[in-house]
Amino acid sequence: HHVERLKNVKGLDGVFLATSRDPLNKKLIKDAERLECGWYAGAEEDVVERHIKLCEREAADAVIRVPCDSPLFDIDSTSVFVEKFKNEYLDYIYVSNMTQIQGTVKELVSYNALREIHKCYRGPAITLPIIENLDKYKTLGIEIDSDLCRPEYRLTVDESLDYELIKNIY
């Protein structure tokens, strides 16, 4: 579902899986190949490096990060992110009227911002250094449609109950 939805985002040059070399992820890599997705497997603890290596290999100026625990991201606003980036090079584009925990949020991060982040950060929340230092980056917060801003719903997939909810939605 995730790949299918990403392939509907206007303006994307490709869909890629950034995963770790953990043997448990071999099935994900096989699925990526079956779905004609590119992939990169790097260090488990260095999510930033995985994105940088994908950018370098694909000659990409940025990545749209849509973690697989957020399968209900909004395709239309993701397309707007791509359009805004192509019109005006930005380091970081984010949804300004929702939080990550709700599970429908994505973000765009430039290759240059990823390289800057990597100098000091190796954790999973890769845009945290940008969020904590917005004045050092060229950023754009985009409000998504108010019908999609539903903070009363948690649509991320972190636990088995979350999975059951998403499975029922699909």
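Preceding block: the structure.
What comes next concerns the included structure. Each chain carries its own residue numbering, running from 1 in the written order of its sequence. Where local features are concerned, this predicted model is filtered to residues with pLDDT of at least 70; where side-chain atom pairs are given and counted, the filter is 80 or more; whole-chain, interface and lining totals use all residues. Heavy atoms from the whole structure form the basis of all side-chain values; hydrogens and water molecules are not counted.

**Quick look at the overall build of the chain**
Put simply, the rule is: Helix and strand definitions here come from DSSP, where helices need a minimum of 4 consecutive H or I residues and strands a minimum of 2 consecutive E residues; each element is numbered from the N-terminal end. Each radius of gyration reported is based on C-alpha atoms, and the globular scaling rule is 2.2 Å times the count of residues to the power 0.38. Burial classes follow relative accessibility: with a 1.4 Å probe on protein chains only, a residue under 20% of its type's maximum area counts as buried, one over 50% as exposed, and anything between as partly exposed.
The helix and strand tally for the chain stands at seven helices and six strands. Secondary structure elements of the chain, listed N to C terminal, follow the sequence α-β-α-β-α-β-α-β-β-α-α-β-α. For 170 residues, the compact-globule estimate of 2.2 N^0.38 gives 15 Å, and the chain sits close to it at 16 Å. Overall, the chain is about 40 × 40 × 30 Å in size when its C-alpha atoms are taken along their principal axes. Looking at the chain as a whole, 46% of its 170 residues qualify as buried.

**Notes on the sheet that holds strand β3 (residues 62-65)**
Stated formally: Any two strands are treated as partners once DSSP identifies two or more bridges connecting them. Between N-to-C directions, angles cover 0 to 180 degrees, with each direction set by a line fitted to C-alpha atoms, over the stretch in contact for helices. In what follows, residue pairs with any heavy atoms lying within 4.5 Å of each other are defined as contacts.
Strand order in this open sheet of four strands is β3-β5-β4-β6, and the pairing throughout is mixed. Each edge of the open sheet carries a strand with a single partner, namely β3 and β6 (139-142). In this sheet, neighbouring strand axes are inclined to one another by 15° on average, regardless of whether the strands run parallel or antiparallel. Of the strands in this sheet, β3, β4 (92-95), β5 (107-110) and β6 are in contact with helix α4 (residues 75-87), which crosses β4 at around 155°.

**Focus on unusual backbone geometry**
Phi at Glu 36 is positive, roughly 60°, even though this residue is not glycine. Here Glu 36 is to be found in the loop between α2 (26-34) and β2 (38-42). Look at Ala 59: it is not a glycine, yet its phi comes out positive at around 55°. As for its placement among the helices and strands, Ala 59 is situated in the loop between α3 (47-58) and β3. Residue classification places Ala 59 among the exposed residues on the basis of a relative accessible area of 67%.

**Some points on the packing of α3 against helix α5 (residues 111-118)**
Rules: Crossing handedness is read from the near helix: turned anticlockwise from the far helix by less than a right angle, it gives a left-handed crossing, and turned clockwise, a right-handed one. Asp, Glu, Lys and Arg are counted as charged, while Ala, Val, Leu, Ile, Met, Phe, Trp, Tyr, Cys and Pro are counted as nonpolar; the rest, among them Gly, fall into the polar class.
Remark: α3 packs on α5, axes separated minimally by 10 Å, with the N-to-C direction vectors making an angle of 145°. Once α3 is placed against α5, the crossing between them reads as left-handed. The residues of α5 that touch α3, namely those facing Val 48, Glu 49, His 51, Ile 52, Cys 55 and Glu 56, are Tyr 111, Leu 114, Arg 115, Ile 117 and His 118. Each residue belonging to the contact of α3 with α5 can be placed in one class, and the counts come to six nonpolar, two polar and three charged.

**Comments concerning the nonpolar core**
To be explicit about the condition: For the purposes of this section, nonpolar cores are sets of buried Ala, Val, Leu, Ile, Met, Phe, Trp, Tyr and Cys residues that join through side-chain atoms within 4.5 Å.
Counting 23 residues, the largest nonpolar core has Leu 6, Val 9, Ile 64, Phe 73, Phe 81, Ile 93 and Leu 108 as the members making the most contacts within it. When contributions to this core are tallied by element, the ones reaching two or more residues are α1 (2-6), α2, β3, α4 and β4. The element contributing the most residues to this core is α4, with four residues. By size, the runner-up hydrophobic cluster in this structure holds 15 residues, among which are Ile 52, Tyr 92, Ile 126 and Ile 130.

**Describing the side chain of His 2**
Considering the arrangement of structural elements, one finds His 2 in helix α1. Apart from the residues within four sequence positions on either side, His 2 is in contact with Val 66, Pro 67, Cys 68, Ser 70, Pro 71 and Phe 73.

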